[in-house]
Amino acid sequence: MKDSIKYISTRGNAPKLSFKDVVFEGLASDGGLYIPESWPSLSEDTINSFSSMTYQEIAYAVISPYIDSSLTEKNLKDIIDRSYSCFDTPEITPLKKLNNEHYLLELYHGPTYAFKDLAMQFISQLMDFYLKENSQSINILGATSGDTGAAAIEGFKNVKSAKIFILHPHNKISEVQRKFMTTIKSENVFNLAVKGSFDDCQNIIKKIFSDTDYKKSNHLTAINSINWSRIMCQMVYYFYTLSRLEVGNKKVLFSVPTGNFGDILAGYISKKMGLKIDMLNIATNENDILTRTLMSGEHELKAVRETSSPSIDIQISSNFERLLYDITQNSEYVNDLMRELKETGKYSLKNNNLVKIKESFCSYSVSEEEVGDIIKDTFRDHKIIVDPHTAVGIASANKCEKKYDLKVTLSTAHPAKFKDTVFNLLGNEKFITDKVHNIMELEEDMIIIENSADAVKTFIMENI
Ligand SMILES: *Cc1c(COP(=O)(O)O)cnc(C)c1O
């Protein structure tokens, strides 16, 4: 725990905050995202020692440099242990071998079958700790492209001091994704199905949070991937992965199915902390804004296309702003780009910035047909059933031009969460677990709402 660690906004016009304040603040008051003033680093010896540690012990080593004296060592260890107690394997994020050069990192062993559980279980425990300490209560507001919402609801359903409002795009997520959210019967949970896209949901949240008075008077807190503590938790499994593989001098690439750029940003920060990652592949589906950005330097919004991997059907990759700030260290420049994006739907990166990004990132997009082929091939060749997001990650990794000795694709969701797509391709139902069969039978509870920040604001006021 470092008492000196403070957090600053990528846009430079919000107060510096302590760790605890960053957890509850979510989006900065100037519209920016919080990041630590400087990146902590871990020594080679420390990182090497991870090979004999448990996931929880590695989590403590990676997370503690970001936390201040608001938590004792014991507090943090307890929170970590509780967070990962509901996973269905002691490894927490097991690795599965596709072949000698390509591994899958299974991130779906938590209660809602997607990697969002890794961070959300931690955040709910963390917030519960702080709230109890001060006898406070909060209202949580989040947008989900399908998986964050379920993970958040699962994490908070028993937290008495919080109410939780989750927006999802109506009819644009899979049935199992929706049921993981809408079948949780708890008085503090509200599911709002917005008549729009995920980007619309995210825009509503941003709009509500930019109304500082409304946010303050209603004790609102955000939990989508703009919340710093999520990124922090997601670094742990990059360290875990390389602690479990014989890396030596091998060149390592991680391939990450990417939407909001949170998961892959965690890989980038792990690299900044000292982890030996050579390349991070931004795997995209037909919503390929980041692939186009890396190719041309032009970051240009297009209409969102619906694909079989809905959790990454996104055009506005919020966390990309954190990368832009990190490579430029220039909050005015970030402000200019974000203003341009809002006003014109695009911006151009300066060439030197693009070059810098490409030192750490590559990006390949994958068509729907390729997703289907990979799901079929992976089953045929390895008897492994992957979900469509993981398939995007694998197919994209296979397209990387340069040779890497070791590729690790993040397997971000359980195939049962997208059972219709996977069943139609494989004609096999064995991967559908009892948990999913049971969920399908439960009654649902959600409110369909207009695509408008005012409608959502009104709903919140009526229900808090
Ligand atoms: C959220 C999600 C992603 C994308 O992660 P980002 O951090 O938004 O880039 C990929 N796959 C699945 C299954 C997800 O739920």
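What this report covers is the structure whose coordinates are included nearby. Please read all numbers here as calculations on a predicted model, not as lab measurements.

1. A few points about the overall build of the protein
Item 1. Looking only at helices and strands, one finds 20 helices and 15 strands in the protein.
Item 2. In terms of C-alpha radius of gyration, the protein reaches 21 Å, essentially the compact-globule figure of 23 Å for 464 residues.
Item 3. Dimensions of the protein, computed from the C-alpha atoms along their principal axes, are close to 55 × 50 × 50 Å.
Item 4. Counting the 464 residues in the protein, one finds 64% classified as buried.
Item 5. Here the protein has roughly 18,000 Å² of accessible surface; of this, 45% comes from carbon and sulfur atoms.
Item 6. For the protein, the distance from the average site of its 53 positive side-chain charges to the average site of its 62 negative ones is 2 Å.

2. A few points about the packing of aromatic side chains
Aromatic ring pairs: the centre-centre distance and the angle between the two ring planes describe each pair.
Item 1. The final tally for this structure, using the stated rule, is 19 aromatic pairs.
Item 2. Plain terms: the ring middles of Tyr7 and Trp228 are 5.9 Å apart, the flat faces sit at 50° to each other, and that makes the pair tilted. With Tyr7 in strand β1 (residues 7-9) and Trp228 in helix α10 (residues 228-244), the pair connects residues that are 221 residues apart, well separated along the chain.
Item 3. Given a relative accessible area of 1%, Trp228 falls into the buried group.
Item 4. Through pairs of rings, three or more aromatic residues link up here, namely Tyr7, Phe19, Trp39, Tyr66 and Trp228.
Item 5. Between the NZ or CZ atom of Lys77 and the centre of the ring of Tyr60, over which it lies, the distance is 4.8 Å.
Item 6. Taking NZ or CZ as reference, Lys350 lies 4.5 Å from the ring centre of Tyr333, over its face.

3. Things to note about the site of the ligand
Item 1. Close contacts around the ligand come from 15 residues, with Lys116, Asp147, Gly259, Asn260 and Asp263 the closest.
Item 2. One nitrogen or oxygen atom from the main chain of Asn260 is found 2.8 Å from an oxygen atom belonging to the ligand.
Item 3. Asp263 is positioned such that a nitrogen or oxygen atom in its backbone is 2.9 Å from an oxygen atom of the ligand.
Item 4. Considering the ligand on its own, with 390 Å² of exposed area, one finds that the protein chains cover 98% of that surface.

4. Quick notes on the pairing of strand β5 (residues 138-143)
Remark: a regular strand shows side chains that alternate across the two faces of the sheet.
Item 1. In terms of residue burial, β5 counts as a mostly covered element, since six of its six residues are buried.
Item 2. On β5, burial covers both faces: Ile138, Ile140 and Gly142 on one face and Asn139, Leu141 and Ala143 on the other are all buried.
Item 3. Pairing between β5 and strand β6 (residues 162-169): six bridges, direction parallel. Opposite Leu141, over in β6, you have Phe165 as the bridge partner.
Item 4. Running through helix α6 (residues 148-156), the crossover from β5 to the neighbouring parallel element β6 is right-handed.
Item 5. As defined by bridge partners, β5 adjoins strand β8 (residues 220-222) across three bridges and the pair is classed as parallel. Each bridged residue has a counterpart across the sheet, and for Asn139 the counterpart in β8 is Leu220.

5. Quick notes on the sheet that holds β8
Item 1. One open sheet accounts for five strands, arranged β8-β5-β6-β7-β15; its pairing is parallel. One side of each edge strand has no neighbouring strand; the edge strands of this open sheet are β8 and β15 (447-449). Between one strand axis and the next, the sheet turns through 30° on average, direction left out of account.
Item 2. Relative to β15, strand β7 (residues 189-194) is paired through three bridges, and the arrangement is parallel. Residue pairing in the sheet places Ala193 in a bridge with Ile448 of β15.
Item 3. Along the sheet, α6 contacts β5, β6 and β7; its crossing angle with β6, the most-contacted strand, is approximately 165°.

6. Concerning the sheet that holds strand β13 (residues 361-365)
Item 1. A sheet is described by the order of its strands in space; here six strands give the open sequence β3-β4-β14-β9-β10-β13, paired in mixed fashion. Each of the sheet's edge strands pairs with one partner strand only, and the pair in question is β3 (95-99) and β13. Neighbour-to-neighbour, the strand axes of the sheet open up by a mean angle of 25°, direction not taken into account.
Item 2. Taken together, the five bridges between strand β9 (residues 252-257) and strand β10 (residues 279-284) define a ladder with parallel strand orientation. Each bridged residue has a counterpart across the sheet, and for Leu253 the counterpart in β10 is Met279.
Item 3. Contacting β3, β4 (102-106), β9, β10, β13 and β14 (406-411), helix α17 (residues 388-398) runs over the sheet at an angle of about 160° to β14.

7. Brief notes about the nonpolar core
Item 1. If you look at the biggest cluster of nonpolar residues, it comprises 134 residues, and the most contacted ones within it are Phe122, Trp228, Tyr238, Phe254 and Phe361.
Item 2. Element by element, the count of residues in this core is highest for α10, at 11 residues.
Item 3. Not counting residues up to four positions away in its chain, the partners in contact with Trp228 are Tyr7, Phe19, Val22, Tyr34, Pro36, Trp39, Tyr66, Met235, Ile269 and Arg322.
Item 4. Within the second largest apolar cluster, 25 residues are counted, among which are Leu27, Leu141, Val194 and Ile208.

8. Here's the deal with helix α4 (residues 73-83)
Item 1. Those residues of α4 lying buried are Asn75, Leu76, Ile79, Ile80 and Ser83. Axial view of α4: buried residues confined to an arc of 130°, hence all on one face.
Item 2. Contact partners of the buried residues in α4: α3 (55-63) and α5 (116-134).

9. A word on the packing of α5 against α6
Item 1. For the pair α5 and α6, interaxial distance at closest approach is 8 Å and the crossing angle is 35°. Considering how the two elements wind past one another, α5 and α6 form a crossing that is right-handed. Touching Lys116, Asp117, Met120, Gln121, Ile123, Ser124 and Met127 of α5 are Thr148, Ala151, Ala152, Glu154, Gly155 and Phe156, all from α6.
Item 2. Residues of the contact of α5 with α6, tallied by class, amount to six nonpolar, four polar and three charged.

10. Observations concerning the side chain of His299
Item 1. In this fold, His299 is placed in strand β11 (residues 298-300).
Item 2. At 3.0 Å, the side chain of His299 and the side chain of Thr293 are in polar contact.
Item 3. His299 has contacts with Ile289, Leu290, Thr293, Phe320, Leu341, Gly345, Lys346 and Tyr347, leaving out every residue within four places of it along the chain.

11. Topic: the packing of helix α16 (residues 368-382) against helix α18 (residues 419-426)
Between two packed helices, what matters for the description is the angle formed by their axes and the separation of those axes.
Item 1. Remark: α16 packs on α18, axes separated minimally by 10 Å, with the N-to-C direction vectors making an angle of 65°. Pair α16 / α18 crosses with right-handed handedness. Listed contacts from α18 to Gly372, Ile375, Lys376 and Phe379 of α16 are Val422, Leu425 and Leu426.
Item 2. Split into classes, the residues belonging to the contact of α16 with α18 amount to five nonpolar, one polar and one charged.

Rules used in this analysis
- Residues numbered from 1 in each chain as written.
- Predicted model: local features only at pLDDT ≥ 70, side-chain atom pairs only at ≥ 80, totals over all residues.
- Heavy atoms only, no water.
- Helix = DSSP H or I, 4+ residues; strand = E, 2+ residues; numbered from the N terminus.
- Rg over C-alpha atoms; globule rule 2.2 N^0.38 Å.
- Buried < 20%, exposed > 50% of the residue type's maximum accessible area, 1.4 Å probe, protein only.
- Areas by Shrake-Rupley, 256 points an atom, 1.4 Å probe, with all protein chains shown as cover.
- Lys, Arg positive; Asp, Glu negative; His and termini not counted.
- Charge placed at Lys NZ, Arg CZ, Asp CG, Glu CD.
- Phe/Tyr/Trp six-rings, centres within 6.5 Å; stacked < 30°, edge-to-face > 60°.
- Lys NZ or Arg CZ within 6 Å of the ring centre and 35° of its normal.
- Near = heavy atom within 4 Å.
- Polar contact = N/O pair within 3.5 Å; in protein donor to acceptor, adjacent residues only side chain to side chain.
- Pairing = 2+ DSSP bridges.
- Right-handed = clockwise from strand over helix to strand, strands pointing away.
- Axes fitted to C-alpha atoms, helices over the stretch in contact; angles between N-to-C directions.
- Contact = heavy atoms within 4.5 Å.
- Core = buried A, V, L, I, M, F, W, Y, C linked by side-chain atoms within 4.5 Å.
- Arc of directions from axis to C-beta.
- Left-handed = near helix turned anticlockwise from the far one by under 90°.
- Nonpolar A, V, L, I, M, F, W, Y, C, P; charged D, E, K, R; others polar.

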